[in-house]
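As a plain string of letters, each chain reads:
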Amino acid sequence: MNPPLPPPDPVAAERPPAGRPSAPRAKRRRATLLMLGLAAVLLAAVATFWTAQVLAGREASAGYEAALQRWETPSEEAARATELAGAIADFDEELDGARTLSEVLPEALAGTESKAALAAAVTSGAEARDALGETGAEGARLPPHAVAPESVDGLRKATAAIEAALASRERAQRNAEESLRTVTQQRETLAAAADAARSALVAGAATQAEPLTSASPEALQALADASNAASTSPLPGAAAAAAALVAALDKVRAEHDAAVAAAEQKTAERVRSAATADDPASITVVVNKQRPFNPIDWEPGDLRTPAGIPNTNGQPVRGEAATALESMYAEASAAGLPFTITSAYRSYAYQTSLFDSYVARDGLAAAETYSARAGYSEHQTGLTVDLDDGSGCTLESCFGETATGQWLRANASRFGYILRYDAGQEPIVGFIYEPWHFRYVGAAVSEDMRSRGIVNLEDYFGLPPAPTY
């Protein structure tokens, strides 16, 4: 049996082994090391955090500075906006000018097509302008940042605001460019339509002015100047220039008409002075119920029968009247409207017998409305013919409604003949309407009467009416 062990020594138990620290010291050391590790971790975390903050601040600052630099870099947006505002202002003026021009443009000079094209261009331009709305020179605005924010968050928010402003500016620039293209296109279209209308106006004025050669040199020069101004004036002033051109043309026309009228008056005076209403041998002698022949039984000495014209009674006329009648018959026949002579020269004796037969048949009062007493008849001049076309209106008022009657009314004056007893002239000439009764007076007098609208010899020579004997 083994001997019992001796009891442990307390002091020896608390004494650390040789070469090892005591337990309390180790614990304290471990705590210290732990604290030092935690401090190191904490310091590392803090360092990392601040490093991150510094880096973030630098990044935010750099982003802010870059965005701000982009904003401050000169952009086309402002220039485009300003250009657009100017173009729109010009467009507004041109549109108003074209609209006014379209309203005052005389269709008779410029033509229907060019006037309608200008009106369409104005309508299109007005619609495009309405679609643009109120477009001004202002673009995107940058929020105020006189001093850069100190915080990262502030820098980021400021950078975002700048980026938004930049995006807005870019959109504004694109919109301005598109609007500018629209305005430019509309202005070009409007200008082309206005130029075409003005060219048509100037051409129309030139065409109308071409025959107006009797106007004064001053008026013609003013018209030329007005034409040039109408062609070259800016569109806002085009309506005023067009109105000035029309006024200049009106003045030229008025001067020309006045000069022509004066010349015609002189011609008429010369014609009337050369003509005589009293000499029975004159082709312009006036015979009516107040103006008998002198002598009463006067006879012409140059009678002949017109050649190639159907002549019911084979009656002659004076040589000059016969030649003119032959020419008139040839032209009427070529138009498909030949006529027949039913009565021409009647001597004093023949007229006496004829008038007496009418009195016996219809009575004196009735006979004197359509037949002349002997010595008072135009047929005795040898210058008068009664015409017919076989349509059933012989010596009837309906002859005036036939194609032949209408052709004679329109063309007889070119051959020296006049319709002697026209409708409504009975109180002056003394006889009823006789659309078949044509009197030769010579082309100078007949054309002068026609141009001046005079329908009877009494008025032409200033003689009193002759409704009765």
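Residues numbered from 1 in each chain as written. Predicted model: local features only at pLDDT ≥ 70, side-chain atom pairs only at ≥ 80, totals over all residues. Heavy atoms only, no water.

Novice: Where do I start with a nonpolar patch on the surface in this structure?
Specialist: On the surface, a cluster of nonpolar side chains totalling about 440 Å² of accessible area is made up of L42, V46, F49 and W50. The exposure class of L42 is exposed, given its relative accessible area of 56%. (Patch = residues over 30% accessible without salt bridge, like charges linked within 9 Å, V, L, I, M, F, W, Y side chains within 5 Å. Areas by Shrake-Rupley, 256 points an atom, 1.4 Å probe, with all protein chains shown as cover. Salt bridge = Lys/Arg side-chain N within 4 Å of Asp/Glu carboxyl O. Buried < 20%, exposed > 50% of the residue type's maximum accessible area, 1.4 Å probe, protein only.)

Novice: Please explain the environment of A349 as it appears in this structure.
Specialist: Counting through the fold element by element, A349 comes out in helix α10 (residues 348–362). Judged by relative accessible area, A349 falls into the exposed class, the value being 56%. (Helix = DSSP H or I, 4+ residues; strand = E, 2+ residues; numbered from the N terminus.)

Novice: Whenever I open this one, the side chain of S413 confuses me. Can you help?
Specialist: Considering the arrangement of structural elements, one finds S413 in the loop between α12 (403–411) and β5 (417–419). You can call S413 buried: its relative accessible area is 6%. Here the side chain of S413 touches E447 through a polar contact of 2.7 Å, side chain to side chain. Non-local contacts of S413, meaning those with residues more than four positions away in its chain, are made with A443, S446, E447 and R450. (Polar contact = N/O pair within 3.5 Å; in protein donor to acceptor, adjacent residues only side chain to side chain. Contact = heavy atoms within 4.5 Å.)

Novice: Teacher, can you tell me more about the packing of helix α2 (residues 23–72) against helix α6 (residues 152–209) here?
Specialist: Helix packing geometry: the angle between the two helix axes and the distance between the axes. Packing of α2 against α6 brings their axes to within 9 Å, and their N-to-C directions diverge by 25°. Classified by the angle their axes make, α2 and α6 are roughly parallel. The chirality of how α2 crosses α6 is left-handed. Mapping the contact onto sequence places Q53, A56, G57, A60, S61, G63, Y64, A67, L68, R70 and W71 in α2 and V152, L155, R156, A158, T159, I162, E163, A165, L166, R169 and E170 in α6. Of the residues that constitute the contact of α2 with α6, the class distribution is twelve nonpolar, five polar and five charged. (Axes fitted to C-alpha atoms, helices over the stretch in contact; angles between N-to-C directions. Parallel < 35°, antiparallel > 145°, perpendicular 65-115°, else oblique. Left-handed = near helix turned anticlockwise from the far one by under 90°. Nonpolar A, V, L, I, M, F, W, Y, C, P; charged D, E, K, R; others polar.)

Treat this as a map of the structure, not an account of what it does.
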